[in-house]
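# Summary of the model geometry
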Amino acid sequence: QVQLVESGGGLVQTGGSLRLSCAASGSIFAINTMGWYRQAPGKQRELVAAITSGGNTNYADPVKGRFTISRDNAKNTVYLQMNSLKPEDTAVYYCKADVGPVLATYWGKGTLVTVSS
């Protein structure tokens, strides 16, 4: 079993910054892709950014140029640096990891990000 624990969410004003962290622990065989998703009230969960074990990244169009995903493989931790935040970035942000040779998927419980206008 793998546990993912997010941290770093909070309340910030428009234009501000936050850095989210997600640490993986437990029976980690090999973590492949790690990513951040978000779910706003009344909306479906959507991909924000993802990063492979080799460092290749993928971003959703609304966050390109503002958010940066990175990871520390030695610490089994993924980060999301969020700059120039907008009210529409308000959501619960979830960490996701694909683990092991069968790419078992694990999710964190989420951390709330609120951007005030």
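Computed from a predicted model, the values in this text were never measured in an experiment. (Residues numbered from 1 in each chain as written. Predicted model: local features only at pLDDT ≥ 70, side-chain atom pairs only at ≥ 80, totals over all residues. Heavy atoms only, no water.)

## Here's the deal with the sheet that holds strand E8 (residues 77–82)
Read from one edge to the other, the open sheet built from four strands follows the order E1-E3-E8-E7, with strand pairing classed as antiparallel. Edge positions in the sheet fall to strand E1 (2–7) and strand E7 (67–72), since each of these pairs with one other strand and no more. When the angles between neighbouring strand axes are averaged without regard to direction, this sheet yields 15°. Relative to E8, strand E3 (residues 18–26) is paired through six bridges, and the arrangement is antiparallel. (Pairing = 2+ DSSP bridges. Helix = DSSP H or I, 4+ residues; strand = E, 2+ residues; numbered from the N terminus. Axes fitted to C-alpha atoms, helices over the stretch in contact; angles between N-to-C directions.)

## Section: the pattern of salt bridges
In this structure the tally under the stated criterion is five salt bridges. Its salt-bridge partner being Glu46, residue Arg38 comes within 2.8 Å of it at the nearest N-O pair. For Glu46, a relative accessible area of 38% puts it in the partly exposed group. Of the charged contacts, one joins Asp89 and Arg66 as a salt bridge, the two residues approaching to 2.8 Å between their closest N and O atoms. Of this pair, Asp89 sits in the loop between E8 and strand E9 (91–99) while Arg66 sits in the loop between strand E6 (57–59) and E7; the two residues are 23 residues apart in sequence, bridging distant segments of the chain. Arg66 gets classed as buried once you look at its relative accessible area, which sits at 10%. In the salt-bridge network here, residues are joined through shared partners; they are Arg38, Glu46, Arg66 and Asp89. (Salt bridge = Lys/Arg side-chain N within 4 Å of Asp/Glu carboxyl O. Buried < 20%, exposed > 50% of the residue type's maximum accessible area, 1.4 Å probe, protein only.)

## Considerations on the pairing of E1
On E1, burial follows the alternation: Val2, Leu4 and Glu6 on one face are buried, whereas Gln3, Val5 and Ser7 on the facing-out side are not. Sheet topology note: the E1/E3 ladder contains six bridges and is antiparallel. Bridge pairing in E3 links Val2 to Gly26.

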